[in-house]
Amino acid sequence: MYRPLPQKKEKHRVNENIDAKKVRLVGDSSIENGIYSIQEALQFSKNRELDLVEINPKLNPPVCKILDYKKFLYEQKKRKKQFKAKQIKVNTKEIRFGPQIGDHDGKVKIKSAEKFLMRGDKVKVFVFFKGRSIVYKDQGKIKLLKFAEEIEEYGKVEQMPVMEGKRMYMILAPKKF
């Protein structure tokens, strides 16, 4: 059975695909901005060997520009790529320990957190409570606050300690250097 390939839907209506009777032309310095009939606007675009592109179809009459459509798409794609490159992705790293963690083990965890924060990652610090250690909630909170105090040079507390089920966590964000 033969099925036609799906047609790629264009983002903008171009030239004869514009179904409005009148359009508002903007942007071209050689033509005065204003409202023109679709035939006049198409004639202006043909005289310049460019395309009539519907920029904003929601307005009445729709806003159109006379420009090279392929170049317009290329520049939009380029702008989108530059914008995406400027965005910074923030990762969240997790560090977990128990309420009775030893001093040396705590220092190792702090070193890891410093490394993560210096790289620009957020750190989610957990104190997990197993079995009956849940009675040491206050001890867990103290450990988390001491952890935040030790790491104060590299990161700031974004969310204070919160109890969730059998674990208490706190989120640290990197400081801007």
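Reading guide: rules and limits
Residues numbered from 1 in each chain as written. Predicted model: local features only at pLDDT ≥ 70, side-chain atom pairs only at ≥ 80, totals over all residues. Heavy atoms only, no water. Helix = DSSP H or I, 4+ residues; strand = E, 2+ residues; numbered from the N terminus. Rg over C-alpha atoms; globule rule 2.2 N^0.38 Å. Buried < 20%, exposed > 50% of the residue type's maximum accessible area, 1.4 Å probe, protein only. Pairing = 2+ DSSP bridges. Axes fitted to C-alpha atoms, helices over the stretch in contact; angles between N-to-C directions. Contact = heavy atoms within 4.5 Å. Patch = residues over 30% accessible without salt bridge, like charges linked within 9 Å, V, L, I, M, F, W, Y side chains within 5 Å. Areas by Shrake-Rupley, 256 points an atom, 1.4 Å probe, with all protein chains shown as cover. Salt bridge = Lys/Arg side-chain N within 4 Å of Asp/Glu carboxyl O. Lys, Arg positive; Asp, Glu negative; His and termini not counted. Phe/Tyr/Trp six-rings, centres within 6.5 Å; stacked < 30°, edge-to-face > 60°. Lys NZ or Arg CZ within 6 Å of the ring centre and 35° of its normal.

Colleague: Can you lay out the overall build of the protein for me, pointing to particular residues and giving the numbers?
Modeller: When helices and strands are tallied, the protein shows four helices and eight strands. In the protein, the succession of α and β elements from N to C terminus is β-β-α-β-β-α-β-α-β-α-β-β. Over its C-alpha atoms the protein spans a radius of gyration of 30 Å, topping by over 25% the 16 Å that the globule rule assigns to 177 residues. Dimensions of the protein along its principal axes, counting C-alpha atoms only, are 80 × 50 × 30 Å. Expressed as a percentage of the 177 residues in the protein, the buried residues total 33%.

Colleague: I'd like to hear about the sheet that holds strand β2 (residues 34-37), residue by residue, with values.
Modeller: Spatial strand order, β2-β1-β4-β3: four strands in an open sheet with mixed pairing. For this open sheet the edge positions go to β2 and β3 (51-56), each flanked by a neighbour on one side alone. Between one strand and the next, the sheet's axes are offset by a mean angle of 45°, whatever the strand orientation. Against the sheet, helix α1 (residues 38-47) engages β1 (22-25), β2, β3 and β4 (63-67), with an angle of about 100° to β2.

Colleague: I'd like a rundown of a nonpolar patch on the surface, residues and numbers included.
Modeller: Taken together, the side chains of L145, V157 and M160 define a hydrophobic patch exposed on the protein surface, amounting to about 240 Å² of accessible area. Within the secondary structure, L145 is located in helix α4 (residues 137-150).

Colleague: Tell me what's going on with unusual backbone geometry, and back it up with residues and numbers.
Modeller: Cis geometry marks the peptide bond from N60 to P61, where omega comes out at -5°. For P61, the location among the structural elements is in the loop between β3 and β4. In this model, E49 sits at a positive phi of 55°, which is unusual for a non-glycine residue. Mapped onto the elements of the fold, E49 is located in the loop between α1 and β3. Among the residues examined, E49 registers a relative accessible area of 73% and is labelled exposed.

Colleague: Would you mind going over the side chain of E114 in detail, with residue names and values included?
Modeller: Along the polypeptide, E114 turns up in helix α3 (residues 103-119). Here E114 occupies a buried position and makes no salt bridge, while the nearest side chain of opposite charge, K111, is found at 4.6 Å. Here E114 is in contact with I151 and Y154, once residues within four sequence places are set aside.

Colleague: Describe the packing of aromatic side chains, naming the residues involved and giving the relevant values.
Modeller: Centre distance and the angle of the planes are the two values used to describe a pair of aromatic rings. As enumerated under the stated definition, the model contains four aromatic pairs in all. Ring centres of Y36 and F44 lie 5.3 Å apart, and the angle between their planes is 90°; this geometry places the pair in the edge-to-face category. We classify Y36 as buried; its relative accessible area is 16%. The exposure class of F44 is partly exposed, given its relative accessible area of 23%. We note R96 situated over the ring of F128; from NZ or CZ to the ring centre the distance is 4.4 Å. If you follow K124 out to its NZ or CZ, it ends over the ring of Y169, 4.7 Å from the centre.

Colleague: Which residues make up the pairing of strand β7 (residues 155-164), and what values go with them?
Modeller: Bridge count between β7 and strand β8 (residues 167-174): seven bridges; the pairing is antiparallel. Paired with Q159 across the two strands is I171, which belongs to β8. Hairpin remark: β7 followed by β8, antiparallel, with two residues in the connecting loop; positive phi at G165, about 65°.

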